[in-house]
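A look at the structure
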Amino acid sequence: MTHIAVNPAALPTPRGYSHGTLAGNTLHLGGQTALDADMKIVPGGIVEQFRQAFGNILTTLREVGGKPDDLVSVTIYLTDIPDYQAHGKEIGRVWRELAGPVYPAMAGIGCTGLWQPEAMIEILGVAVIPEERLVRPGG
């Protein structure tokens, strides 16, 4: 099976990684922090960082014809679990705004730090895209 890198033009150009890897009709979504197009972590706290990081995930998913409904697994790495929990209702509203009422298998994992020191969150996931909607990059 061929693995195809998925790197949307709307996201920062990756170096040494891919935003996603398509294997068959399964898209493995690389960890996304709250980097904006200028390669800077968005300000505003955990809710805005969640919005940007999850938006980056969805941008990669849409690049190959995927929709939020296609997500089967999401893992969220957090540098401050209590902060995330304290803003859970707001984060839930952002999720529903961006993805609707679809909730895949999920995990939240606490960690001491992420690649960018100012990052508070990193999200990765897996999606299975129906063949009739799948758009393979470069083909």
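What comes next concerns the included structure. (Residues numbered from 1 in each chain as written. Predicted model: local features only at pLDDT ≥ 70, side-chain atom pairs only at ≥ 80, totals over all residues. Heavy atoms only, no water.)

1. Remarks on the sheet that holds strand 1 (residues 3-6)
Reading across from one edge, 1-2-3-6-4-5 is the order of the six strands in this open sheet, with mixed pairing throughout. Because the sheet does not close on itself, it has two edges, and the strands there are strand 1 and strand 5 (105-110). Between one strand axis and the next, the sheet turns by 15° as a mean value, whatever way the strands run. Relative to strand 6 (residues 121-128), strand 4 (residues 71-78) runs antiparallel, the two being bridged by seven bridges. Note that in strand 6 the partner of Leu-71 across the bridge is Ala-127. The strands that helix 1 (residues 46-63) touches are strand 1, strand 2 (20-23), strand 3 (26-32), strand 4 and strand 6; relative to strand 6, the one it contacts most, it runs at about 30°. (Pairing = 2+ DSSP bridges. Helix = DSSP H or I, 4+ residues; strand = E, 2+ residues; numbered from the N terminus. Axes fitted to C-alpha atoms, helices over the stretch in contact; angles between N-to-C directions. Contact = heavy atoms within 4.5 Å.)

2. What about unusual backbone geometry?
Even without being glycine, Met-39 reaches a positive phi, approximately 65°. Secondary-structure assignment places Met-39 in the loop between strand 3 and helix 1.

3. Thoughts on the side chain of Thr-33
In this fold, Thr-33 is placed in the loop between strand 3 and helix 1. A polar contact is formed between the side chain of Thr-33 and the side chain of Gln-116, at a distance of 2.9 Å. Apart from the residues within four sequence positions on either side, Thr-33 is in contact with Ile-41, Ala-53, Asn-56, Gln-116, Ala-119, Ile-121 and Glu-122. (Polar contact = N/O pair within 3.5 Å; in protein donor to acceptor, adjacent residues only side chain to side chain.)

4. Overview of the pattern of salt bridges
Counted according to the given criterion, the structure contains four salt bridges. Note that Arg-51 is salt-bridged to Glu-97, the shortest N-O span being 2.8 Å. Residue Arg-51 is located in helix 1, and its partner Glu-97 is located in helix 3 (residues 88-99); the two are separated by 46 residues in the primary sequence. Classification of Arg-51 by relative accessible area gives partly exposed; the value is 26%. The shortest N-O distance in the salt bridge between Asp-70 and Arg-133 comes to 2.7 Å. With Asp-70 in the loop between helix 1 and strand 4 and Arg-133 in the segment after strand 6, this pair connects stretches of sequence that are 63 residues apart. Classification of Asp-70 as buried rests on a relative accessible area of 6%. The exposure class of Arg-133 is partly exposed, given its relative accessible area of 24%. One salt-bridge network, held together by shared partners, links Glu-48, Arg-51 and Glu-97. (Salt bridge = Lys/Arg side-chain N within 4 Å of Asp/Glu carboxyl O. Buried < 20%, exposed > 50% of the residue type's maximum accessible area, 1.4 Å probe, protein only.)

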